[in-house]
Amino acid sequence: MPQRLARAAGKKAEPGVQHCVNHSCGATYSLGERIYLCPKCGETLEIECRLTRPKSADVLRGYWAAKSASKLPRDASGVWRYLDMLPFEDDAPFVTLFEGHTPLFHAPRSAKYCGLSDLRLKHQGYNPTGSFKDTGMAAAMTQALISGTRTAVCASTGNTAASLAAYAARAGLQAAILLPHGQVSSSKLAQSLDYGALVLEIDGNFDACMRLVQELGDDPSIYVANSINPFRIEGQKTVAFELMEQCAWQVPDHVVVPGGNMGNSTALGKGFQELYDLGLISRLPKLSVIQAEGAAPVAHLFAKLSPKQRADFEHLPEKLEPVENPQTLATAIKIGAPVSWKKALRAVLRSGGKIITVSEQEIADAKAMIGRDSIGCEPASATTVAGIKKLVAAGHIGRKDDVVAVLTGHALKDPDYMIRYHEGTLTAAHGPKDASAPTKPIAGAFRNAPQRVAASKTAILASLERRQ
Ligand code: F0G
């Protein structure tokens, strides 16, 4: 097995550096500095791992393939098996719940629904706490231990919370979680309580919680575990590596993800870019992000960009106009002021992808279709299939293109939504501007309501007959 890649900066150098994503600032900071936004200009930070280029892409591919057969507990993690691509030393206090190694399904019914000949779904909901957050949290909690922190905090629509609660408990750290009161699914809330986190329910939405977390982050005793923390992005980028291994290094034409706080799209973009820079892939897949209509600040900005601005992705607009009162039943992505919008937008533009919106009805029907494929996911994840259907209809995705959608959360994260859809009682707000207006019903186009039947064989056989 080849040696671990040599670090370019010599033996004692750190395995990477944090740099400001704002080109005109260009400030760099050591990995040990616990900062989340550039102290000079307020922009987000990105980690650059100091790696030497491997002798050949095949060597690295073979190395990772060999690790799949390794019996070492660290190699059993779908994050730490890619340690060569991560800003950690070999002797780091690795935190793991055996995240990653998530399945890549063929989804024939969803493919047909979208107008595609094939569609594959990479299901990050198969992670230990049921969402894609776990890969990032393994990295963030490891860095929290390195930095000597005692308490990690996050704002969350529910999944980051569950993931932080679990990984902090595993690392022996205290977790404090800020949730928008009454806006988080009971399954996610239950997970955070079960893992022993301090759960603080705030009167306000996710964006208000996120602002509070940023204020708390100034306190030296607090470690921020949201995706504004660049170590989260490092863990989450490994899904791009795992996906490429599953695709036998054949680059899909399109990879499509939901967009909320925009950490996931940032991470995937970074992962593919690093593979490209190392010569492991010969082109980037087009990365597209789908937002819910009522919570789509980045899609709105994307729609306004001129062709010249789209080509000049290193000089992006300074400001994003937030959505003041975001609305969507896909509560995981009910976010009006995403912190990682700039990094995500850059990744999308660089790859030639799109950022679009889908309606509540489109999300609900796409989710039911993913269910019919025996896969299932939470509502936010279904934006992908809804978005792919639209992008196929618009001609951005060709009917024979190789398309992968990343499903971000497990179906059981939000059972109430599923039951209401199938019973035909799901209703949605009209959008951010008229949130107080009466809600409108969502038609259950693929409705599958439970039936009350008499406790008799004849009644059951009659129900079966009617169903056929
Ligand atoms: N899908 C699910 C299931 C999510 O939980 C989230 C975000 C997203 C998609 C969007 O990902 O924010 O990286 O663009 N959930 C966060 C949370 C905000 O607190 O759990 P993103």
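Coordinates for the structure precede this section.
Quick look at the structure, then. The structure presented is a predicted model; accordingly, all values stated were derived computationally and were not measured.

Rules of the game
- As a convention, each chain's residues are numbered from 1 in the sequence order in which they are written.
- Local features in this predicted model are restricted to residues of pLDDT 70 or higher, and side-chain atom pairs are both shown and tallied only at a pLDDT of 80 or more, whereas totals for entire chains, interfaces and linings draw on every residue.
- Heavy atoms from the whole structure form the basis of all side-chain values; hydrogens and water molecules are not counted.
- To be near a molecule or strand, a residue needs just one of its heavy atoms within 4 Å of it.
- N or O atoms within 3.5 Å of each other form a polar contact, as long as, within protein, one can give a hydrogen and the other can take it, and as long as residues adjacent in sequence are counted only when both atoms are side-chain atoms.
- Computed by Shrake-Rupley with a 1.4 Å probe, the accessible areas treat only the displayed protein chains as cover when residues are assessed.
- We call Asp, Glu, Lys and Arg charged. Ala, Val, Leu, Ile, Met, Phe, Trp, Tyr, Cys and Pro are nonpolar, and the rest, Gly among them, are polar.
- Strand pairing is defined by DSSP finding a minimum of two bridges between the two strands.
- In this text, helices come from DSSP runs of H or I with a minimum length of four residues, and strands from runs of E with a minimum of two, each type numbered from the N-terminal end.
- Structural elements are reduced to axes, namely lines fitted to C-alpha atoms, with helices fitted over the stretch in contact, and the angle between N-to-C directions of any two is expressed from 0 to 180 degrees.
- It only takes one pair of heavy atoms within 4.5 Å for two residues to be counted as in contact.
- Exposure classes here rest on a 1.4 Å probe applied to the protein chains alone. A residue is buried below 20% of its type maximum, exposed above 50%, and partly exposed in between.
- The term salt bridge refers to a pairing of a side-chain nitrogen on Lys or Arg with a carboxyl oxygen on Asp or Glu at a separation within 4 Å.
- Nine residue types can take part in a nonpolar core, namely buried Ala, Val, Leu, Ile, Met, Phe, Trp, Tyr and Cys, and a core is a set of them joined through side-chain atoms within 4.5 Å.

### Re the site of the ligand
Working step 1: Looking at the ligand, there are 21 residues lining it, with Ser156, Asn261, Met262, Asn264 and Thr408 nearest.
Working step 2: Interatomic distance of 2.8 Å between a backbone N/O atom of asparagine 264 and an oxygen atom of the ligand.
Working step 3: In the model, a nitrogen atom of the ligand is placed 3.5 Å from a nitrogen or oxygen of the alanine 332 main chain.
Working step 4: Expressed as a share of its isolated accessible area of 470 Å², the protein-covered part of the ligand is 99%.
Working step 5: Per-class residue counts for the shell around the ligand are seven nonpolar, twelve polar and two charged.

### Notes on the sheet that holds strand β9 (residues 222–224)
Working step 1: Strand order in the open sheet formed by four strands is β8-β7-β6-β9, with parallel pairing between adjacent strands. In this open sheet, the two edge strands, each paired with only one partner strand, are β8 (198–202) and β9. Taking each pair of neighbouring strands and ignoring which way they run, the sheet shows an average axis angle of 25°.
Working step 2: Strand direction decides the pairing type here: strand β6 (residues 151–155) and β9, joined by three bridges, are parallel. Paired with alanine 152 across the two strands is tyrosine 223, which belongs to β9.
Working step 3: Against the sheet, helix α4 (residues 159–171) makes contact with β6 and β7 (174–180), and its axis sits at roughly 170° relative to β7, the strand it touches most.

### A closer look at the pairing of strand β11 (residues 286–292)
Working step 1: Counting buried residues along β11, six of its seven residues qualify, which places the element largely inside the surrounding structure.
Working step 2: Where strand β10 (residues 254–258) lies against β11, five bridges are found, and the strand directions are parallel. Bridging across to β11, valine 256 finds its partner in serine 288.
Working step 3: In this structure, β11 lies alongside strand β12 (residues 355–358), joined through four bridges in parallel fashion. Across the sheet, the residue bridging to valine 289 is isoleucine 355, located in β12.

### Considering the pattern of salt bridges
Working step 1: Taken as a whole and judged by the stated rule, the model has 17 salt bridges.
Working step 2: Close ionic contact of aspartate 402 with arginine 120 constitutes a salt bridge, the shortest N to O distance being 3.0 Å. Within this pair, whereas aspartate 402 is found in the loop between α14 (379–393) and β13 (403–407), its partner arginine 120 is found in strand β5 (residues 120–123), the two being separated by 282 residues in sequence.
Working step 3: Between glutamate 362 and lysine 390 there is a salt bridge whose closest N-O contact spans 3.7 Å.

### Brief notes about the nonpolar core
Working step 1: In terms of nonpolar packing, the biggest core is built from 50 residues, with Trp80, Phe88, Met141, Leu164, Ile177 and Tyr223 touching the most fellow members.
Working step 2: Put simply, the parts of the chain that give this core at least two residues each are β3 (45–49), α3 (133–146), β6, α4, β7, α6 (206–216) and β9.
Working step 3: With residues near it in sequence (within four places) discarded, tryptophan 80 still touches Lys67, Arg74, Leu86, Phe88, Phe94, Val95, Thr96, Glu99, Ala138, Ala139 and Thr142.
Working step 4: By size, the runner-up hydrophobic cluster in this structure holds 44 residues, among which are Leu275, Ile281, Leu284 and Ala344.

### Quick look at the sheet that holds β3
Working step 1: Within the open sheet, the three strands sit side by side as β2-β1-β3. Their pairing is antiparallel. Only two strands of the sheet have a single partner each, and these edge strands are β2 (28–30) and β3. Taking the axes of each pair of neighbouring strands and ignoring which way they run, one obtains an average angle of 35° across the sheet.
Working step 2: As judged from the five bridges shared by strand β1 (residues 16–20) and β3, these two strands associate in the antiparallel manner. By the bridge assignment for β3, histidine 19 is matched with glutamate 46.

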